[in-house]
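If you want the building blocks of each chain, they are given just below.
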Amino acid sequence: MYCNQPPEKPGNKKELLEKITNMARANSLWVTAYGTGCGAIELRPLHTSRFDMERFGIAMRPTPRQADVLIISGYLATKTLKRVIRVYEQMQDPKYIVALGSCTINGGMYFDSYNTLNVLDKYLPVDVYVMGCMPRPEAIIDGFSLLMQKIKDGRAQGWKHYKENLDYYRENQKKIITDWDLPDYNW
Amino acid sequence: MIDKVKKELEIRFPLLKLVREQHNYLHVKVERVSAMDAIVMARTSLGHSVLQLISTVDRIEDDVFQMTWILENYSACTVLLISADYPRENCIVPSLCQIWPAASAFEREIFEMFGISFPGNPREGEDFLLEGWKDTPPMRRDFETEEYAMRVYGERQPREHLDPRQYIGDIVGEWNTPMGRKREEEK
């Protein structure tokens, strides 16, 4: 089941195709229904009728296998990080991470907690940070429009960065997850 | 109703200290050798048959852990709190799992957070909240939370300038959206 080699980079011929597919990807973002912290409460008004994120083509999916956006909503405990890594690695390429709130940027109000990590992008590649504590649904929509723009321009390459620098991310992850029992990542 | 409980306890345990009393609430402090007897008596003959919570306070000044068992009597709507002090070093407290199986969860949590051992708990030492914790138990007051967080999770370096363009350039930001570009041109 596992492949040993990372996927080949697209050649020049594939670049045009990549641009067209990026257009399509940007307009149908499917989000894993997985809330990690207090920020998940702001996603409820976002995907119900008041703010209605489906008008942007953003939909919630029940399983990571069908989704391509993972929202890290708020503070992330080390115990949750283990589950988040597992969810992220099960998602199909291409995949993007949107991080909400000041806790994911620098720890926020949990900067001195014994169980909450401070800087998220040491452990997972983040494409868009949305600041605020917590960001309102308008701010999250703004973050999503930024993510769409990045995908259209071909700059949302966090998933490739994760594959190319897997050793760096693994080292950081194993530093804080002391009872490491996750399966090895396969491409 | 609570007066009767108080009288019975005072007859049985003459060294009992009264901490606080209200019309349906009684907090008493007993010697640690008679703590288990007081709890069993409260359950069997005084009608306080529901264990609501086991709480621990780390009183490092007196070099003790203060354990408090909160017992409730649903039919009479009264609450009885029984406290006892245990020495901090190699702290051992008898388990209540034989009387209330639900005490197991509280005791496992206290074991992880304070390092207090409960001999007699069949699930002692299993992971409860922290997975693979190797440091000092985090709720002890001699645990240096901030030092631990800086050592394990690190710190994001603060910015020297407040202009975000210095750090992220033209990659993201409102100056790169159509509205922002228009505004820049107008300037």
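That block above? That's the structure.
On a predicted model such as this, the values are computed, not experimentally measured, just so you know. (Residues numbered from 1 in each chain as written. Chains lettered and ligands numbered in written order. Predicted model: local features only at pLDDT ≥ 70, side-chain atom pairs only at ≥ 80, totals over all residues. Heavy atoms only, no water.)

Trainee: Explanation requested: the interface of chain A and chain B in the structure shown.
Mentor: It is common to give the size of an interface as the accessible area lost on bringing the parts into contact. With 25 residues of chain A at the contact, the number on the chain B side is 26 residues. In total, chain A and chain B occlude about 1,900 Å² of area from one another, counting both sides; carbon and sulfur atoms represent 52% of this. Between the two partners, chain A and chain B, sit two salt bridges. Between A:Arg83 and B:Glu131 there is a salt bridge whose closest N-O contact spans 3.1 Å. Taken together, the elements giving at least two residues each to the side of chain A that touches chain B come down to α3 (78–90), α4 (102–106) and α5 (137–152) of chain A. In terms of residue count, α3(A) provides more of the side of chain A that touches chain B than any other element does, four residues in total. (Contact = heavy atoms within 4.5 Å. Buried area = accessible area lost by both parts, 1.4 Å probe. Salt bridge = Lys/Arg side-chain N within 4 Å of Asp/Glu carboxyl O. Helix = DSSP H or I, 4+ residues; strand = E, 2+ residues; numbered from the N terminus.)

Trainee: Where do I start with the side chain of B:Gln66 in this structure?
Mentor: Residue and element names in this part refer to chain B. Topologically, Gln66 is positioned in strand β4 (residues 64–73). A distance of 2.7 Å separates polar atoms of two side chains, one belonging to Gln66 and the other to Arg59. Each residue touching Gln66, except ones within four places of it in the same chain, is listed here: Lys29, Ser55, Thr56, Val57, Arg59, Ser83, Ala84 and Asp85. (Polar contact = N/O pair within 3.5 Å; in protein donor to acceptor, adjacent residues only side chain to side chain.)

Trainee: Even after reading the chapter, I still don't get the packing of α3(A) against helix α7 (residues 166–176) of chain A, so can you show me in this structure?
Mentor: For any two helices packed against each other, one specifies the inter-axial angle together with the distance between the axes. All names here are of chain A. The N-to-C vectors of α3 and α7 enclose an angle of 150 degrees; their axes lie 10 Å apart at closest approach. Pair α3 / α7 crosses with left-handed handedness. Note on element contacts: α7 touches α3 through Arg170, Gln173 and Ile176, opposite Thr78, Leu81, Ile85 and Glu89. (Axes fitted to C-alpha atoms, helices over the stretch in contact; angles between N-to-C directions. Left-handed = near helix turned anticlockwise from the far one by under 90°.)

Trainee: I would appreciate a short explanation of α7(A) in the present structure.
Mentor: For an α-helix the count is 3.6 residues per turn, leaving residues at separations of three or four pointing the same way. Among the residues of α7(A), those classed as buried are A:Leu166, A:Tyr169, A:Arg170, A:Asn172, A:Gln173 and A:Ile176. Seen from one end, α7(A) has its buried residues packed into an arc of 165 degrees, which puts them on one side. Facing away from the buried surface of α7(A) by more than 90 degrees, the exposed residues are A:Asp167, A:Glu171 and A:Lys175. Contacts from the buried residues of α7(A) go to α3 and α6 (158–164) of chain A together with α4 (145–153) of chain B. (Buried < 20%, exposed > 50% of the residue type's maximum accessible area, 1.4 Å probe, protein only. Arc of directions from axis to C-beta.)

Trainee: Help me out: how do you make sense of unusual backbone geometry in this one?
Mentor: Excluding glycine, residues mostly carry a negative phi; peptide bonds, for their part, are mostly trans. Along the chain, A:Asp93 connects to A:Pro94 via a cis peptide bond; the corresponding omega equals -10 degrees. Topologically, A:Pro94 is positioned in the loop between α3 and β4 (96–100). The linkage connecting A:Cys133 with the following residue, A:Met134, adopts the cis geometry, with an omega of -15 degrees. Mapped onto the fold, A:Met134 is located in the loop between β5 (128–130) and α5. The phi torsion at A:Asp52 lies on the positive side, around 50 degrees, for a residue other than glycine. Take A:Asp52: it is sitting in the loop between α2 (43–47) and β2 (59–61). One non-glycine residue, B:Asn90, adopts positive backbone phi at about 45 degrees. Looking at the element boundaries, B:Asn90 is found in the loop between β5 (78–87) and α3 (103–114).

Trainee: Explain the packing of aromatic side chains to me, please; I cannot follow it from the model alone.
Mentor: Aromatic rings in a pair are described by how distant their centres are and how their planes are angled relative to each other. Counting across every chain of the model gives 10 aromatic pairs over all chains. Their ring planes at 80 degrees and their centres at 6.4 Å tell us that B:Tyr148 and B:Tyr153 sit as a pair that is edge-to-face. The exposure class assigned to B:Tyr153 is buried, which follows from its relative accessible area of 2%. Members of the aromatic cluster, connected to one another through ring pairs, are A:Tyr114, B:Trp133, B:Phe143, B:Tyr148 and B:Tyr153. Across the ring face of A:Tyr88, the terminal group of A:Lys95 is positioned such that the distance to the ring centre comes to 4.6 Å. (Phe/Tyr/Trp six-rings, centres within 6.5 Å; stacked < 30°, edge-to-face > 60°. Lys NZ or Arg CZ within 6 Å of the ring centre and 35° of its normal.)

Trainee: Sorry, what's going on with the environment of B:Pro122 here?
Mentor: All names here are of chain B. Following the sequence through the fold, Pro122 ends up in the loop between α3 and α4. For Pro122, a relative accessible area of 68% translates into the label exposed. Taking the C-alpha atoms as reference, Pro122 lies 7.9 Å from Ser104; in sequence the two are 18 residues apart.

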